[in-house]
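Report on the structure
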Amino acid sequence: MSIKPMLFNTEMVRAILDGIKTCTRRVVRYKYSNTEMKIKKDKYGARLIEIQKDENSDGSTYQKLLPFVEKEAPYQPGDILYVRETFAWCPCWYCGLDTVPDGCKNPVIYDFKKKEHGCYMYRASFEENEYPPDDTWHPSIHMPKEAARIFLKVTNVKAERLQDIDIDGIRNEGLLSAAVHCGDMEIALKEWEILWNSTIKKSDLDRYGWDANPYVWVVEFERCEKPGKE
């Protein structure tokens with residue numbers, strides 16, 4: 001079992017907390033230029049590989065059977081993920097207190113660097129423009145492991161094309177619009193397309209955006225306790 005971080009935006013963290021998001025799709029990134037992804041089926045089973053392409057003199061391309069790179073999923077069943085989310089360190093004086101209050105609902109910890117008591121707070125637990133102020137929030141990429149409050153156990157990992165998602169997959173991704181609820185696949189797919197493209201850098205849309213239909217890792221998970229917690 002490995003313990004690994006995974007980033008989620010605030011909307012998706014809320015979906016996890018509400019119990020409606022049970023999977024996530026992460027793009028399978030190319031290792032080399034002038035390559036493409038293929039499913040290779042042989043005596044070892046079905047494997048996702050990255051195949052090198054070469055150009056002919058007329059500019060057309062052809063595939064070389066070798067070399068190829070077998071793609072390895074970044075997560076495996078049984079792995080534990082700790083969710084990195086937008087967070088803040090809030091010392092007790094943020095709440096107008098000089099000392100740790102009795103019965104404080106948040107876990108009180110001591111910041112040895114700042115030499116003050118306080119607790120971690122999470123943007124997903126607050127409404128927009130609600131206290132604490134924006135300048136206290138830190139991006140999820142900077143969240144230390146000890147600040148994590150959500151832990152997920154990976155139950156399944158598979159590779160598929162992005163556009164192969166079905167209505168159940170969209171629901172499991174945490175989308176809750178009326179179209180998704182009613183099973184209107186045309187509108188639900190458009191909503192999923194917009195959400196997906198919003199997570200991809202503009203410079204990468206040609207390769208990893210919806211229209212490119214890249215291979216993705218479908219990572220299914222369930223909530224679990226913090227490792228080592230009795």
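Right above here is the structure, for reference.
Residues numbered from 1 in each chain as written. Predicted model: local features only at pLDDT ≥ 70, side-chain atom pairs only at ≥ 80, totals over all residues. Heavy atoms only, no water.

**A few points about the nonpolar core**
One finds Phe 8, Leu 152 and Trp 192 to be the most contacted residues of the largest nonpolar core, which totals 37 residues. With six residues, the single largest contributor to this core is strand E11 (residues 215-224). What Leu 152 contacts, discounting residues up to four positions off in sequence, is Phe 8, Ile 16, Asp 79, Ile 80, Leu 81, Val 83, Phe 221, Glu 222, Arg 223 and Cys 224. Core analysis: the next-biggest nonpolar cluster, separate from the first, contains ten residues, Tyr 120, Met 143, Ala 147 and Phe 151 among them. (Core = buried A, V, L, I, M, F, W, Y, C linked by side-chain atoms within 4.5 Å. Buried < 20%, exposed > 50% of the residue type's maximum accessible area, 1.4 Å probe, protein only. Helix = DSSP H or I, 4+ residues; strand = E, 2+ residues; numbered from the N terminus. Contact = heavy atoms within 4.5 Å.)

**Brief notes about the environment of Lys 21**
Of note, Lys 21 is situated in the loop between helix H1 (10-17) and strand E2 (23-27). Measuring from C-alpha to C-alpha, the distance between Lys 21 and Leu 175 comes to 8.0 Å, with 154 residues separating the pair along the chain. From its side chain, Lys 21 meets the backbone oxygen of Cys 23 in a polar contact 3.0 Å long. (Polar contact = N/O pair within 3.5 Å; in protein donor to acceptor, adjacent residues only side chain to side chain.)

**Description of the environment of Arg 149**
Along the polypeptide, Arg 149 turns up in the loop between strand E9 (116-122) and strand E10 (151-161). A residue is classified by how much of its surface remains accessible, and Arg 149, at 28% relative accessible area, is partly exposed. In sequence terms Arg 149 and Lys 226 are 77 residues apart; their C-alpha atoms lie 7.9 Å from each other. Look past the residues within four positions of Arg 149 in its chain and what remains in contact with it is Val 13, Leu 17, Glu 85, Tyr 122, Ala 124 and Ser 125.

**Re the pattern of salt bridges**
Inspection of the entire model under this criterion finds twelve salt bridges. Residues Glu 85 and Arg 149 are paired through a salt bridge, measuring 2.9 Å at the closest nitrogen-oxygen approach. Within this pair, whereas Glu 85 is found in the loop between strand E6 (80-84) and strand E7 (87-91), its partner Arg 149 is found in the loop between E9 and E10, the two being separated by 64 residues in sequence. For Asp 168, the salt bridge goes to Arg 171, with nearest N and O atoms at 3.2 Å. Separated by three residues within a single helix, Asp 168 and Arg 171 lie in helix H2 (residues 167-172), roughly one turn from each other. Within the structure, one salt-bridge network assembled from shared partners comprises Lys 21, Arg 25, Lys 158, Glu 160 and Glu 173. (Salt bridge = Lys/Arg side-chain N within 4 Å of Asp/Glu carboxyl O.)

**A short note on the sheet that holds strand E1 (residues 3-7)**
Read across the open sheet, the five strands follow the order E1-E6-E10-E11-E2; overall the sheet is mixed. Both edges of this open sheet fall to E1 and E2, since each of them pairs with a single strand only. With direction set aside, neighbouring strand axes in the sheet form an average angle of 45°. (Pairing = 2+ DSSP bridges. Axes fitted to C-alpha atoms, helices over the stretch in contact; angles between N-to-C directions.)

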